[in-house]
Amino acid sequence: MADNKLNMDKINVNPRQTLKSYLRVLKLTKKPSREEFLTIAKVAGAGVLAAGFVGFVIYILMTEIPQWV
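Residues numbered from 1 in each chain as written. Predicted model: local features only at pLDDT ≥ 70, side-chain atom pairs only at ≥ 80, totals over all residues. Heavy atoms only, no water.

1. Quick word on the overall build of the protein chain
A count of helices and strands for the protein chain gives two helices and zero strands. Residues counted as buried form 0% of the 69 residues belonging to the protein chain. (Helix = DSSP H or I, 4+ residues; strand = E, 2+ residues; numbered from the N terminus. Buried < 20%, exposed > 50% of the residue type's maximum accessible area, 1.4 Å probe, protein only.)

As C-alpha cells, this is what we get:
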C-alpha cells in the first residue's frame, strides 16, 4: 500500500516556480502567419471529418447488422 502512495517530494508545489515556467513558454510563442493558421485549420478539420466518418460507419454497422441476424 505504501508503494502506491503519491510522493509529494517529487511534485513541484511552488506556485511561483510554476508560473515562471508558464511565462517562459508564453514568451517563446509567436502569432502564426495566415498560411500557418490555414494549414493547421485544414489538418484539424480533416481530423474532425475523419473521426466523424469513422463514427458514422460504426453507427451504421451497429444499426444495420442486428437487422440481418
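2. Side note on a nonpolar patch on the surface
Together, Phe 53, Val 54, Phe 56, Val 57, Ile 58, Tyr 59, Ile 60, Leu 61, Met 62, Ile 65, Trp 68 and Val 69 line one region of the surface with nonpolar side chains, adding up to about 1,300 Å² of accessible area. Here Ile 65 shows up in helix 2 (residues 34–68). (Patch = residues over 30% accessible without salt bridge, like charges linked within 9 Å, V, L, I, M, F, W, Y side chains within 5 Å. Areas by Shrake-Rupley, 256 points an atom, 1.4 Å probe, with all protein chains shown as cover. Salt bridge = Lys/Arg side-chain N within 4 Å of Asp/Glu carboxyl O.)

3. Topic: the pattern of salt bridges
Applying the stated criterion across every chain, the model contains one salt bridge. Across the salt bridge formed by Lys 30 and Glu 36, the nearest N and O atoms sit 3.3 Å from each other. For Glu 36, a relative accessible area of 36% gives the class partly exposed.

4. What about helix 1 (residues 15–28)?
In an α-helix there are 3.6 residues to a turn, and that puts residues three or four apart on one side. With 14 residues, helix 1 extends 20 Å from end C-alpha to end C-alpha; this agrees with the ideal 20 Å at 1.5 Å per step. Little of helix 1 sits out of view: just zero of its 14 residues are buried. (Expected span 1.5 Å × (residues − 1).)

Keep in mind these numbers describe shape, not what the thing actually does.
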